[in-house]
Amino acid sequence: SRVLCSTLRDVCSSVVERMQAPAVASSRFMSAAAAEQDLVVIGGGPGGYVAAIKAAQLGMSVTCVEKRGTLGGTCLNVGCIPSKALLNSSHKYEEAIKSFAGHGIILDKAPRIDVATMMKQKTTAVSGLTKGIEQLFKKNKVTYVKGAGRFESPGVVAVDGLDGQKQLIKAKSVLIATGSDAVEIPFMKFDEKVIVSSTGALSLPAIPKTMVVIGGGYIGLEMGSVW
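Everything numeric in this text was worked out from a predicted model, so none of it was measured.

(A) Summary view of the nonpolar core. Residues Leu39, Val41, Ala52, Val62, Phe137 and Val142 are the most contacted members of the largest nonpolar core, which totals 17 residues. In terms of residue count, helix H2 (residues 46–57) provides more of this core than any other element does, six residues in total. When near neighbours in sequence (up to four residues on either side) are disregarded, Leu39 contacts Ala55, Met60, Ser61, Val62, Thr63, Ser173, Val174 and Leu175. Counting residues in each nonpolar core, the second largest holds twelve residues, with Met118, Ala201, Ile219 and Met223 among its members.

(B) Structural context of the packing of helix H4 (residues 80–98) against helix H5 (residues 115–139). At their nearest, the axes of H4 and H5 sit 9 Å apart, and the two run at 140° to each other. Looking at the two axes, H4 sits oblique to H5. Taken as a pair, H4 and H5 cross one another with a handedness that is right-handed. On H5, the residues touching Ile81, Pro82, Ala85, Leu86 and Ser89 of H4 are Met118, Met119, Gln121, Lys122, Val126 and Leu129. Looking at side-chain class alone, the contact of H4 with H5 contains eight nonpolar, two polar and one charged residues.

(C) The confidence of the model for the protein chain, seen in detail. Mean pLDDT over the protein chain: 85, with 85% of residues reaching 70 or higher. Taken element by element, the protein chain is modelled with least confidence in helix H1 (residues 2–20), mean pLDDT 44, and with most confidence in strand E2 (residues 62–66), mean pLDDT 97. Overall, residues 1–9 carries pLDDT values under 50, and its contacts beyond four positions in sequence, including any with other chains, amount to three contacts. The model gives residues 11–33 a pLDDT under 50, and that stretch makes 24 contacts with residues more than four places away or in other chains.

(D) Region of interest: the packing of aromatic side chains. What the rule picks out here adds up to one aromatic pair. Ring centres 6.1 Å apart and planes at 80° place the aromatic pair Phe137 and Tyr144 in the edge-to-face group.

(E) How the structure looks around the pairing of strand E4 (residues 156–161). The buried count for E4 comes to five of six residues, which makes it a mostly enclosed element. Strand direction decides the pairing type here: strand E3 (residues 143–153) and E4, joined by six bridges, are antiparallel. If you follow Ser153 over to E4, its bridge partner there is Val156. Counting the residues that bridge the hairpin from E3 to E4 gives two residues, and of these Gly155 lies at a positive phi of roughly 85°. As paired strands, E4 and strand E5 (residues 166–176) are joined by five bridges and run antiparallel to one another. Bridge pairing in E5 links Val159 to Gln167. In this structure, the hairpin formed by E4 and E5 is closed by a connection of four residues, where Gly164 is found at a positive phi of approximately 90°.

(F) Geometry of the packing of H2 against H5. It is the contact of H2 with H5, at a shortest axis distance of 10 Å, that shows an interaxial angle of 25°. Classed by the angle they form, the pair H2 and H5 counts as roughly parallel. Relative to H5, the crossing made by H2 is left-handed. Along its contact with H2, which presents Tyr49, Ala52 and Ile53, the element H5 presents Ile133, Leu136 and Phe137. Across the contact of H2 with H5, the residue classes tally to six nonpolar, no polar and no charged.

(G) Spotlight on H5. Under the 1.5 Å per step criterion, the end-to-end length of H5 is 37 Å for 25 residues, consistent within 8% with the ideal 36 Å. Buried positions along H5 lie against H2, E2, helix H3 (73–78), H4 and E3. With a side-chain oxygen positioned 3.3 Å from the backbone nitrogen of Ala116, the residue opening H5 is Asp114. Backbone geometry just after H5 places Lys141 at a positive phi near 60°.

Reading guide: rules and limits
Residues numbered from 1 in each chain as written. Predicted model: local features only at pLDDT ≥ 70, side-chain atom pairs only at ≥ 80, totals over all residues. Heavy atoms only, no water. Core = buried A, V, L, I, M, F, W, Y, C linked by side-chain atoms within 4.5 Å. Buried < 20%, exposed > 50% of the residue type's maximum accessible area, 1.4 Å probe, protein only. Helix = DSSP H or I, 4+ residues; strand = E, 2+ residues; numbered from the N terminus. Contact = heavy atoms within 4.5 Å. Axes fitted to C-alpha atoms, helices over the stretch in contact; angles between N-to-C directions. Parallel < 35°, antiparallel > 145°, perpendicular 65-115°, else oblique. Left-handed = near helix turned anticlockwise from the far one by under 90°. Nonpolar A, V, L, I, M, F, W, Y, C, P; charged D, E, K, R; others polar. pLDDT = per-residue confidence, 0-100. Phe/Tyr/Trp six-rings, centres within 6.5 Å; stacked < 30°, edge-to-face > 60°. Pairing = 2+ DSSP bridges. Expected span 1.5 Å × (residues − 1). Polar contact = N/O pair within 3.5 Å; in protein donor to acceptor, adjacent residues only side chain to side chain.

Given below as structure tokens:
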């Protein structure tokens, strides 16, 4: 986390230096509907939202654009946080089966998994954290725009909003923090039923009898451990 904070601090400092340099206005930028921002961040994940907050704390006007509709990126929404929530539940289940008796805790019936309730617990944990980031945005006066951001022209970011509306935001600087997506194997396309992405593996409706995990990263290892 120290390395991340140091890197973000350097990025924000660099942007501030660019802001202080003389700038030549161009009439083609005047078509932007929204007021000019010192910084527009495309992506609301751990890199994007932390940079947006830090830049705002340094005195910049900041807008963060996120297409998912919730802040926190892959990590918070469909990565390490929900996978650890499920892992915690499955660990408690394993303890009930293997360890309780050794502590003198005797169950009259074998424990069973209620997958729907387990998923609800995961969703509640994720929702609370994403709303917490929104509160940090409000506290630090970061404007949050829900939609897909792209470059309309140099210095202008177009946002196709989740509400169907389009807006243009003129920006002195733009930080791209768009994160990552699951990659399909060409001969094994995701159907999110039998062949699932890591996102699909977080929302299975029932415990699979067998599973093969392709990929030994933290999400793959945790999903294998959960199920």
